[in-house]
Amino acid sequence: MRFIPGGTFTMGSEAFYPEERPLRRVKVDGFWIDETPVTNREFARFVAATGHVTLAEIAPDPKDYPGMLPEYAQPGSLVFTKTAGPVPLAEYHHWWRFTPGADWRHPLGPDSDLDSLELWDHPVVQVAWADAEAYAKWVGKDLPTEAEHEFAARGGLEGKEFAWGDELAPEGKMLANYWQGLFPFANTREDGWERTSPVRSFPPNGHGLYDMVGNVWEWTADWWSEHPAAPKKKHGQACCAISNPRGGKLRDSFDPAQPEIRIGRKVLKGGSHLCALNHCQRFRPAARHPEMIDTATSHIGFRCVRRVPAG
């Protein structure tokens, strides 16, 4: 782990997506954070010690999902599959497939495994939020808040769009695992990877942290809020920084597009190897995305923090 001294920073961005606004001053206390996302090797030790069964390994209860088709009532999770050519980028079903038998041990489906794909030092994926939280408790840690994750991801740089500055690929250098080419069908792999990459494959940021952007999205502790909290105003101007924000409320995190499903959404941070210039430019510290806590996919992982006790 690396220690991140407490401090105040400008959170958010006004250059990309509306949910990243407004810019606001935020103060966080000092905390320790994992250098890398949790790997398959580390997660395997947790499972061996505790017998933990991940959500993707349990068949969903149809009562929790009104109108669910019978073929989805079995263990499995979502796996990214390239398309043959261009597709409408708002229609996610073209590249996400529910795959029976896909789980953390078999991230691409039942015929895949960690040994044959040499994934032991890659970030664990196919973990739902409860799986990440269970691991964190086992190691005596917590999941980071959105503010802690963004503060750490910025690496001490103030007001920069990327974890290393304002240029995505300075002098053509690939500094994170993201999609080069046209998503979701043409990945030129200039960064060397089609899917996830081993942790520490790219340079660390200013805090000595790896993969804070790109590679895999990372679960946080915070419930999703479409409009992040802004500091209180005095005489028309923000008077002070928000101290250690803790996200929204469960009831406000539900997906308004699926009112029949009352499952909370947590904030994901950091983007993944599926972020591209033509789709989801979220390989940035300010980027944020909502995800239902029951969701496991081939591009979501996590890392942990340990907070410094007050006083």
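The structure displayed is predicted, hence computed values, not measured ones. (Residues numbered from 1 in each chain as written. Predicted model: local features only at pLDDT ≥ 70, side-chain atom pairs only at ≥ 80, totals over all residues. Heavy atoms only, no water.)

A.B. asks: Explain the nonpolar core residue by residue, including any values.
C.D. replies: If you look at the biggest cluster of nonpolar residues, it comprises 33 residues, and the most contacted ones within it are Phe43, Trp219 and Phe302. Elements that contribute at least two residues to this core include exactly α1 (40-50), α2 (129-138) and β9 (217-223). With residues up to four places along the chain from it excluded, the contact list for Phe43 reads Val38, Thr54, Trp104, Val124, Val127, Asp131, Tyr135 and Phe302. Listed in part, the 15 residues of the second largest apolar core include Ile4, Val26, Val28 and Ala152. (Core = buried A, V, L, I, M, F, W, Y, C linked by side-chain atoms within 4.5 Å. Buried < 20%, exposed > 50% of the residue type's maximum accessible area, 1.4 Å probe, protein only. Helix = DSSP H or I, 4+ residues; strand = E, 2+ residues; numbered from the N terminus. Contact = heavy atoms within 4.5 Å.)

A.B. asks: Residues and numbers for the side chain of Asn244, please.
C.D. replies: On the secondary structure map, Asn244 appears in the loop between β12 (242-243) and α4 (250-253). If near-sequence neighbours (up to four positions away) are discounted, Asn244 is found in contact with Lys27, Val28 and Asp29.

A.B. asks: Lay out the packing of aromatic side chains in plain terms, naming residues and giving numbers.
C.D. replies: Given two aromatic rings, one states the distance between the centres and the angle between the planes to describe the pair. Across all of its chains, the model carries 20 aromatic pairs by this definition. Their ring planes at 80° and their centres at 5.0 Å tell us that Trp95 and Phe183 sit as a pair that is edge-to-face. Placement of the pair is Trp95 in the loop between β5 (76-80) and β6 (96-100) and Phe183 in the loop between β7 (181-182) and β8 (186-187), with a sequence separation of 88 residues. Each member of the pair, Trp95 together with Phe183, is buried. Seen in terms of ring centroids, Phe162 and Trp164 are 5.9 Å apart; in terms of plane orientation they differ by 10°. Their pairing is stacked. (Phe/Tyr/Trp six-rings, centres within 6.5 Å; stacked < 30°, edge-to-face > 60°.)

A.B. asks: Which residues make up the packing of α1 against α2, and what are the values?
C.D. replies: Axis angle and axis distance: for two packed helices, these are the angle between their axes and the distance between the axes, and together they describe the pair. Where α1 meets α2, the closest approach of the two axes is 11 Å, and the angle between their N-to-C directions is 80°. In terms of their interaxial angle, α1 and α2 are classed as roughly perpendicular. Between α1 and α2, the residues in contact are Glu42, Phe43, Arg45, Phe46, Ala49 and Thr50 and Asp131, Ala134, Tyr135 and Trp138, respectively. A per-class count over the contact of α1 with α2 returns 6 nonpolar, 1 polar and 3 charged. (Axes fitted to C-alpha atoms, helices over the stretch in contact; angles between N-to-C directions. Parallel < 35°, antiparallel > 145°, perpendicular 65-115°, else oblique. Nonpolar A, V, L, I, M, F, W, Y, C, P; charged D, E, K, R; others polar.)

A.B. asks: Please set out unusual backbone geometry residue by residue, giving values where relevant.
C.D. replies: Peptide bonds are mostly trans, and most non-glycine residues show a negative phi. Geometrically, the link from Arg21 to Pro22 is a cis peptide bond, its omega value of 0° lying close to zero. With respect to the helices and strands, the residue Pro22 is situated in the loop between β2 (7-11) and β3 (24-28). That bond from Phe183 to Pro184 is cis: its omega, 5°, falls within 30 degrees of zero. Looking at the element boundaries, Pro184 is found in the loop between β7 and β8. Within the chain, Glu118 stands out as a residue other than glycine whose phi angle is a positive 55°. Secondary-structure assignment places Glu118 in the loop between β6 and α2.

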